[in-house]
Amino acid sequence: MEEKDKISEALLKVALGYQVAEVTEEYAEVDGALKLTKRKKTKKDVPPDLKAVQMLLASEADGGFSQWSDEELEMEKAKLLATLQEAEKKRTVKKTAVKKTAAKKTTTTKSRRK
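Residues numbered from 1 in each chain as written. Predicted model: local features only at pLDDT ≥ 70, side-chain atom pairs only at ≥ 80, totals over all residues. Heavy atoms only, no water.

(A) View of the pairing of strand β1 (residues 18-30). Here 13 bridges tie β1 to strand β2 (residues 33-46), and the two strands are oriented antiparallel to one another. By the bridge assignment, Tyr27 is partnered in β2 with Leu36. As consecutive antiparallel partners, β1 and β2 are separated by two residues, and within that stretch Asp31 has a phi angle of approximately 55 degrees, a positive value. (Pairing = 2+ DSSP bridges. Helix = DSSP H or I, 4+ residues; strand = E, 2+ residues; numbered from the N terminus.)

Now the structure itself:
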């Protein structure tokens, strides 16, 4: 197996997370010799690593962002900012509509009680 393949496999393992088997042994001196008194086997989960995921995605992307020119990156940035601003406007409008609806319900409830 090539070194590059080994590195790719190791990176994938770290990106996905994995388990490690751990054995803890305790010894005591019995009749002048060390004797195994306790053995504990455990499995530890190593969680996925976000940096490894990012590295994998960047390496597998066809012509990833690293291949883009500064102008292309600026255009993409502007597009993403515009999308975020539009989403924020919609969320603000929705909050306002919910507040108005809640205010109408409160007014209607009070007028019925009279």
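(B) Expanded view of the pattern of salt bridges. Scanning the model with the defined rule gives three salt bridges in all. The residue Glu22 makes a salt bridge to Lys44 at a minimum N-O spacing of 3.5 Å. Of this pair, Glu22 sits in strand β1 while Lys44 sits in strand β2, and the two are 22 residues apart along the sequence. Look at Glu22 and you get partly exposed, because its relative accessible area is 31%. (Salt bridge = Lys/Arg side-chain N within 4 Å of Asp/Glu carboxyl O. Buried < 20%, exposed > 50% of the residue type's maximum accessible area, 1.4 Å probe, protein only.)

(C) Quick look at the packing of aromatic side chains. Per the counting criterion, the structure on display carries zero aromatic pairs. If you follow Lys13 out to its NZ or CZ, it ends over the ring of Tyr18, 4.7 Å from the centre. (Phe/Tyr/Trp six-rings, centres within 6.5 Å; stacked < 30°, edge-to-face > 60°. Lys NZ or Arg CZ within 6 Å of the ring centre and 35° of its normal.)

(D) Examining unusual backbone geometry more closely. Phi is positive for Asp31, which is not a glycine, with a value near 55 degrees. Relative to the helices and strands, Asp31 is located in the loop between β1 and β2.

(E) Here's a closer look at a negative patch on the surface. On the surface, Asp70, Glu71, Glu72 and Glu74 cluster together into a negatively charged patch. Along the chain, Glu74 falls in helix α3 (residues 70-113). (Patch = residues over 30% accessible without salt bridge, like charges linked within 9 Å, V, L, I, M, F, W, Y side chains within 5 Å. Areas by Shrake-Rupley, 256 points an atom, 1.4 Å probe, with all protein chains shown as cover. Lys, Arg positive; Asp, Glu negative; His and termini not counted. Charge placed at Lys NZ, Arg CZ, Asp CG, Glu CD.)

Any functional reading would require information beyond the geometric quantities listed.
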